[in-house]
Amino acid sequence: MARVLPRPRSPLAAVRRWYEEELGWPTAETEPVELLTGLRFDVLEMPAGAGSAVLRRLPRTGPVALVRAGCDGNHAIDRPKLLMLIAAGGAEELPGILEWLEWGALVPDLTARGTGDRMPAPVFPTGAAPSYGFGSREAARWVRPPRPGYEAANSLPTTGFGAGNGDDRGGPDLVRLVSAAATECHRARLLRARNAQSDRAYGDQPLAFSNASRMSAGTRPRSLTL
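Note that the structure is predicted; figures quoted are calculated from it, not measured. (Residues numbered from 1 in each chain as written. Predicted model: local features only at pLDDT ≥ 70, side-chain atom pairs only at ≥ 80, totals over all residues. Heavy atoms only, no water.)

1. Some remarks on helix H3 (residues 90-100)
Convention followed: Exposure classes here rest on a 1.4 Å probe applied to the protein chains alone. A residue is buried below 20% of its type maximum, exposed above 50%, and partly exposed in between. A run of H or I in DSSP becomes a helix once it reaches four residues, and a run of E becomes a strand once it reaches two; helices and strands are each numbered from the N terminus. Relevant arc is that of directions from the helix axis to the C-beta atoms, nothing else. Contacts are residue-level and defined by heavy atoms, with any inter-residue pair within 4.5 Å sufficient.
Those residues of H3 not exposed but buried are Gly-90, Ala-91, Leu-94, Ile-97 and Leu-98. Seen along its axis, H3 keeps its buried residues to an arc of 95 degrees; they face one direction. Turned more than 90 degrees away from the buried face of H3 sit Glu-92, Pro-95 and Glu-99, all of them exposed. Considering only its buried residues, H3 is in contact with strand S3 (42-47), strand S5 (81-86), strand S6 (111-113) and helix H4 (174-194). Phi for Glu-102, located one or two positions after H3, is positive at around 70 degrees.

See below:
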């Protein structure tokens, strides 16, 4: 009598189960697996170069993922992006924060994903779960990985009372994080312009006379004082 062997576990099922059971993060019924934003967290999105500079300035944040170019589901990614997890609701606050910081629409490279959106599920953090051969094919990987039972408890960057209190549980205040991100995104754009790389393909606005550009001449927008 032939033996009936169990069907091998799907790597995608393992990914989905790890995020849903270990972190309590809902996933979309997609292949590859995607995480739903706007429920347990939102995402602050920026070019990878600017994001790396932000990480050097802010040694503690929430989880951070790096997304490869051209590998982000419904989003058109023409260059690597850094995704910083922030508290749910933060995506809706981003335009107002940028306006208050006097950046306005001067940093189109800084965006957010919130309710009704999603992000690619990064490969498992090292040692968190079996890799199932995942690696170079993954759309995203963790730069600062989440820890089960840790980030879910109001420890993501947010605004309001108690935000950015500097303890070991949470990241910086969301306003401070957006300030650093806007500054680095704009600095990266200035460097591209200095290197004679056209920004028109990204729908950018002229830089020469913007308030934020005056930082190179010694003036300080409100965000640079935070």
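2. Thoughts on the sheet that holds strand S7 (residues 118-120)
Let me state the cut-off plainly: For two strands to be treated as a pair, DSSP must find no fewer than two bridges joining them.
Spatial ordering of the open sheet is given by S1-S2-S7, a layout of 3 strands whose pairing is antiparallel. Single-partner strands in this sheet number two, and they are strand S1 (27-28) and S7. Pairing geometry for strand S2 (residues 34-36) and S7, over 3 bridges, is antiparallel. Directly across from Leu-36, in S7, lies its bridge partner Arg-118.

3. Focus on the side chain of Glu-184
Topologically, Glu-184 is positioned in helix H4. Not counting residues within four places of it along the chain, the set of residues in contact with Glu-184 comprises Ala-50, Ala-53, Val-54 and Arg-57.

4. Digging into unusual backbone geometry
Most of the time, phi is negative for any residue but glycine, and the peptide bond is trans. Residues Glu-31 and Pro-32 are joined by a peptide bond in cis, for which omega reads 0 degrees. As for its placement among the helices and strands, Pro-32 is situated in the loop between S1 and S2. Residues other than glycine seldom take positive phi values, yet Glu-102 does so here, at roughly 70 degrees. Counting through the fold element by element, Glu-102 comes out in the loop between H3 and S6.

The values reported here are purely geometric and, on their own, carry no functional implication.
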